Amino acid sequence: MRTPFIAGNWKLNKTISEARAFAAEFGPLVQDVTDVQIGLFPVFTSIPALSEALGGSNVEVGGQDFYWKASGAYTGEVSLPLLEDAGAKLVLIGHSERRGRFGVPEPDLEGEAGRVFGETDHSVNKKLLAALGSSLTPIVCVGETLTERQNGHTDAVVENQTVMALDGVEASQVASIVFAYEPVWAIGTGEVCAADEANRVCGVIRATVASKLGAQAGEAVRIQYGGSVKPDNARELLALEHIDGALVGGASLKADSFAQIVQAARG
Ligand code: PGA
């Protein structure tokens, strides 16, 4: 059995005091939940305060990104040991807002909005390998743009991103990796991917993991869906075979709506 995993990605939102207020409201709403893993990704500056506020609870905190080197002359970056030091247990890798096709930022191209920081499949792979050497659980994001979907390239894009991310990863490590299927066109748009289609593409990711690292690895890997997940569509998505959880943006900013999504993941 794969444990469901509901994670909230706050992106560039919430001050330290807002993060603390969220913890005070959210903690009690989910304190009895033992059958779902729960994570929150605040901005870096709130990680210590949120970890402390949620300390001893069933809610883990994570970093939205990191550089794969531990320390050195890398202005503006944060590393895995520093995230661990700040109280993080989780880390996001390759969120679509951090990626860019061919390493080129393309925030202004029609249909490609949402890929901002030029991250490549190569850097996603370097980060995953580094995360597997740390105590942090990585969530690796994959997903196609609207143009790629319209051109019929969804499966190829997702397969390729999955294979590239897993370069050099051992089968025995896959159980500690989480993938998130996030179609770029469904992120922050209110346009959720139809549940059957989300499940089908999550199945493509699972089959890709299985063909690269074996059937057992395919069975073990957890796959979240992300993209306009809300309390009113979560239950339908989370009931499907290949969807083991959700990566939630907008609806994770409010304690009650995020708690409702956690409840929807319960068996
Ligand atoms: P959304 O964001 O739920 O606001 O669509 C999801 C994400 O970017 O992880």
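What you see is a predicted model, and the numbers here were worked out from it, not measured in a lab.

Engineer: I tried to follow helix H1 (residues 16–30) on my own but got confused; where do I start?
Structural biologist: Given 3.6 residues per turn, any residue in an α-helix points the same way as the ones three and four places further on. Along its 15 residues, H1 runs 21 Å from first to last C-alpha, staying within 8% of the 21 Å computed at 1.5 Å per residue. The secondary structure elements touched by the buried residues of H1 are strand E2 (37–41), helix H2 (47–53), strand E3 (59–63) and helix H10 (255–264).

Engineer: So what exactly am I meant to see when it comes to the sheet that holds strand E8 (residues 245–248) here?
Structural biologist: Where strands meet in a sheet, backbone hydrogen bonds hold them as pairs that are either parallel or antiparallel. In spatial order, the strands read E1-E2-E3-E4-E5-E6-E7-E8; together these 8 strands close into a barrel with parallel pairing. Pairwise comparison of adjacent strand axes, ignoring direction, gives a mean angle of 25° for this sheet. Relative to strand E7 (residues 222–226), strand E6 (residues 178–181) runs parallel, the two being bridged by 4 bridges. Directly across from Tyr181, in E7, lies its bridge partner Tyr225.

Engineer: Just checking my understanding: could you explain the packing of aromatic side chains for this structure?
Structural biologist: Counted according to the given criterion, the structure contains 6 aromatic pairs. Here Phe22 and Phe26 contribute two aromatic rings whose centre-to-centre distance is 5.2 Å and whose plane-to-plane angle is 35°, an arrangement assigned as tilted. Remark: Phe26 and Phe22 occur in helix H1; sequence separation between them is 4 residues, near one turn of the helix. On the accessibility criterion, Phe22 (4% relative accessible area) is buried. Seen from their ring centres, Tyr67 and Trp68 are 4.5 Å apart, and the 40° between their planes marks the pair as tilted. When its relative accessible area of 18% is taken as the criterion, Tyr67 is described as buried. Sitting over the ring of Trp10, Lys14 keeps its end group 5.2 Å from the ring centre. The ring of Phe66 carries the charged tip of Lys127 above its face, separated from the ring centre by 5.9 Å.

About the criteria used
Residues numbered from 1 in each chain as written. Predicted model: local features only at pLDDT ≥ 70, side-chain atom pairs only at ≥ 80, totals over all residues. Heavy atoms only, no water. Helix = DSSP H or I, 4+ residues; strand = E, 2+ residues; numbered from the N terminus. Expected span 1.5 Å × (residues − 1). Contact = heavy atoms within 4.5 Å. Pairing = 2+ DSSP bridges. Axes fitted to C-alpha atoms, helices over the stretch in contact; angles between N-to-C directions. Phe/Tyr/Trp six-rings, centres within 6.5 Å; stacked < 30°, edge-to-face > 60°. Buried < 20%, exposed > 50% of the residue type's maximum accessible area, 1.4 Å probe, protein only. Lys NZ or Arg CZ within 6 Å of the ring centre and 35° of its normal.

In short, the description is geometric, and any link to function would need to be established separately.
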